[in-house]
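# Fold and contact review
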Amino acid sequence: MTTTPTPAAAEQATQPVDDGSLDIARQRFTDAKKAERKLGLLLVAPAVTVMLAVAAYPILYAFWLSLNRADLRRPNDNQFIWFENYVTVLSSPIWWTAFGVTMFITIVSASLELVFGMILAVIMHRTIVGRGLVRTSALVPYSIVTVVAAFSWRFAWTEDLGYLTPSGSAPLTEFWPSIWIIILAEVWKTIPFMALLLMAGLALVPEDLLKAASMDGANAWKRFWAITVPLIKPAILVALLFRTLDAFRVFDNIYILTNGANQTSSVSMVAYSNLIRGLNLGIGSTMAVLIFITTGIIAFIFIKAFGAAAPGADQGGRK
């Protein structure tokens, strides 16, 4: 006699028997991830230890000095004053003038470097004939020491001496001409650095994808914006972040070109004047701490703005 199974029995018969193998697989996967994470921590531990030994103590000591009235000209008057130095600096028009100059130089120079760096990166990436010569010649400005390059720009714009200076004019003695010459020196020096980082991103763009888009009717401009730019966002983030942070700490070009005259000082120049020239360790350390905090805020804004383009971010843009 044949027995027809009920629907419930048939459904139960088709379900896999849970013998604990799924839990075992999950446990093995979790253990493997933990072991991988532990190995990663062990590998970066020496570098982190060295960084903490080199950077942590100076940062903490600078913060401690910023909480004290510490002046080498009057060492007997040194005392702990909490956040009075921060109030003094943040209420000073000298600081805010220097901060505005620094932000203007940072934004304009980083923007120009991104545009011209991208153009140079595309040229170096697409060059077929003489590729080595093109790349080598493009890196010449970056290979020159910044102080030497700054002196060459200073001589070029010096009255009755420079080859770029019209007769009877002295652009380095005026505010806006000085600012634009500083930006010009920054951009000329660091475009190759930006181009190198962007060219590394361009090398990762699949050529087959670009050819397929070309066959679909997309012109070069559309292929660049729709395919190339989204794929190299991590490279753009790294290049732009590094240059923005570096530009905000600009010191050497301003020191050589104008020495901070005509209100062209950056925040680093003002901190140097108080810390080294004025021997005021409290105020100088306060400015150094504020510069450190500002660069941290800039880095945080960049990571949040680029979201998933940040290296190591997941689909939702979270780290």
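Now for a look at the structure at hand. Throughout, a residue's number is its position along its own chain's written sequence, starting from 1. Only residues with pLDDT of at least 70 are given local features in this predicted model, and only at 80 or more are side-chain atom pairs given and counted; all residues enter the totals for whole chains, interfaces and linings. Side-chain numbers come from the whole structure's heavy atoms, not from hydrogens or water.

## Section: the side chain of Thr 295
Our working definition: Secondary structure counts use DSSP, requiring at least four H or I residues in a row for a helix and at least two E residues in a row for a strand, with both numbered from the N terminus. Throughout, a residue-residue contact means that at least one pair of heavy atoms, one from each residue, lies within 4.5 Å.
Residue position: Thr 295 is located in helix H14 (residues 281-306). Apart from residues lying up to four places away in sequence, Thr 295 is in contact with Leu 245, Phe 248 and Arg 249.

## Overview of the nonpolar core
Operational definition: Here the nonpolar core consists of buried residues drawn from Ala, Val, Leu, Ile, Met, Phe, Trp, Tyr and Cys, with membership extended through side-chain atoms lying within 4.5 Å. The buried label applies to any residue whose accessible area, calculated with a 1.4 Å probe on protein chains only, is under 20% of its type's maximum; exposed applies above 50%, and partly exposed to all values in between.
Counting residues in each nonpolar core, the largest one holds 59 residues, and the members touching the most others are Trp 95, Ile 105, Leu 198 and Met 287. Looking at which element gives the most residues to this core, the answer is helix H8 (residues 175-202), with 12 residues.

## Points about the environment of Leu 90
Examined against the element boundaries, Leu 90 turns out to sit in helix H3 (residues 84-90). Given the relative accessible area of 38%, Leu 90 is considered partly exposed. Note: C-alpha distance between Leu 90 and Met 287 (197 residues apart in sequence) is 9.2 Å.

## Comments concerning the side chain of Thr 258
Tracing the backbone shows Thr 258 in the loop between helix H12 (252-257) and helix H13 (267-277). The residues contacting Thr 258, other than those within four sequence positions of it, are Leu 172, Ser 178, Ile 182 and Thr 264.

## Concerning the pattern of salt bridges
In plain terms, the rule: One speaks of a salt bridge when a side-chain nitrogen belonging to Lys or Arg is within 4 Å of a carboxyl oxygen belonging to Asp or Glu.
Counted under the stated rule, the structure contains seven salt bridges. A salt bridge links Asp 71 to Arg 73, with the nearest nitrogen and oxygen atoms 2.8 Å apart. In this structure Asp 71 comes out as buried when scored by relative accessible area, which is 6%. Its salt-bridge partner being Arg 243, residue Asp 246 comes within 2.6 Å of it at the nearest N-O pair. Taken together, the residues span about one helical turn, with Asp 246 and Arg 243 both in helix H11 (residues 233-248) at a distance of three residues. Salt bridges here are not isolated pairs; linked through shared partners, they connect Glu 113, Glu 186, Arg 243, Asp 246 and Arg 249.

## Quick look at unusual backbone geometry
We note that Trp 82 has phi near 60 degrees; this positive angle belongs to a residue other than glycine. Relative to the helices and strands, Trp 82 resides in the loop between strand E2 (79-80) and H3. Backbone geometry places Gln 263, a non-glycine residue, at a positive phi of 60 degrees. Summarising the element assignment, Gln 263 is placed in the loop between H12 and H13.

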